[in-house]
Amino acid sequence: VTLVESGGGLVQPGGSLRLSCTGSGFPFSGYFMSWFRQAPGKERELVAGIAGRGTWTNYADSVKGRFTISRDNVKNTMYLQMNSLKPEDTAVYYCKKGAPSEYWGQGTQVTVSS
């Protein structure tokens, strides 16, 4: 199993980024997938999750209305569209394959700063 995140970077407050997570080595459409983030000195926290067929999603209260999670099971890829970014969104963002046999990607840095 491999999960590879991309799309992070430096963005000004109010800006947007789209993260991608491409999975391989498992039947991608059969698994719940999620995005987590970890800021310096803080615990890793759930950002958003999406069911295998994309029919159900959930979000942390802190990102509702600003972030959108989606997936393309043909491309084995999950996305996180992040709009109206705030400095407090700065973190390393990780994708996670759901149970059974949970796996994590290596993470991608998102920095929101002027």
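Computed from a predicted model, the values in this text were never measured in an experiment.

Caption draft 1: Fine view of the nonpolar core. Among the nonpolar cores identified, the biggest contains 27 residues, and Trp35, Met78, Leu80, Met82 and Tyr93 are the most heavily contacted of them. Put simply, the parts of the chain that give this core at least two residues each are β3 (17–24), β4 (33–38), β5 (45–50), β7 (67–72), β8 (77–82), β9 (91–97) and β11 (108–112). Once you skip the residues sitting within four places of it in the chain, Met82 turns out to touch Gly15, Ser16, Leu17, Leu19, Arg66, Phe67, Tyr93 and Val110.

Caption draft 2: Up close: the environment of Tyr94. Relative to the helices and strands, Tyr94 is located in strand β9. In this structure Tyr94 comes out as buried when scored by relative accessible area, which is 14%. Ignoring sequence-local partners within four residues, the contact set of Tyr94 consists of Glu5, Ser34, Trp35, Phe36, Gln38, Arg44, Trp104, Gly105, Gln106 and Gly107.

Caption draft 3: Layout of the pairing of β9. When you tally the buried positions in β9, you get six out of seven residues, the bulk of the element. Pairing analysis gives six bridges linking β4 to β9, with the strands arranged antiparallel. Counterpart to Trp35 in the pairing with β9 is Cys95. Pairing between β9 and β11: three bridges, direction antiparallel. Bridge pairing in β11 links Ala91 to Val110. Across two bridges, the pairing between β9 and strand β10 (residues 103–104) is antiparallel.

Caption draft 4: Examining the environment of Thr22 more closely. Within the secondary structure layout, Thr22 lies in strand β3. Sequence separation of Thr22 and Gly105 is 83 residues, and the distance between their C-alpha atoms is 9.2 Å. Look past the residues within four positions of Thr22 in its chain and what remains in contact with it is Thr2, Leu3, Val4, Lys75, Asn76 and Thr77. A polar atom in the side chain of Thr22 sits 3.1 Å from the side chain of Thr77.

Caption draft 5: Representation of the state of the cysteines. Enumeration over the complete set of coordinates arrives at one disulfide. With its sulfur 2.1 Å from that of its partner, Cys21 forms a disulfide with Cys95. Here the disulfide of Cys21 and Cys95 is right-handed, its torsion about the S-S bond being about 55°. Here Cys21, found in strand β3, pairs with Cys95, found in strand β9; they are 74 residues apart in sequence, far enough to count as distant. The pair formed by Cys21 and Cys95 is uniform in burial state, with each residue classed as buried.

Caption draft 6: How the structure looks around the sheet that holds β3. Read across the open sheet, the four strands follow the order β1-β3-β8-β7; overall the sheet is antiparallel. If you trace the sheet from one side to the other, it starts and ends with β1 (2–6) and β7, each paired once. Going from strand to strand, the sheet's axes swing by 15° on average, the running direction of each strand aside. Pairing of β1 with β3 involves five bridges; the strand directions are antiparallel. Note on β3: the bridge partner recorded for Leu3 is Gly23.

How each quantity is defined
- Residues numbered from 1 in each chain as written.
- Predicted model: local features only at pLDDT ≥ 70, side-chain atom pairs only at ≥ 80, totals over all residues.
- Heavy atoms only, no water.
- Core = buried A, V, L, I, M, F, W, Y, C linked by side-chain atoms within 4.5 Å.
- Buried < 20%, exposed > 50% of the residue type's maximum accessible area, 1.4 Å probe, protein only.
- Helix = DSSP H or I, 4+ residues; strand = E, 2+ residues; numbered from the N terminus.
- Contact = heavy atoms within 4.5 Å.
- Pairing = 2+ DSSP bridges.
- Polar contact = N/O pair within 3.5 Å; in protein donor to acceptor, adjacent residues only side chain to side chain.
- Disulfide = S-S within 2.5 Å.
- Axes fitted to C-alpha atoms, helices over the stretch in contact; angles between N-to-C directions.

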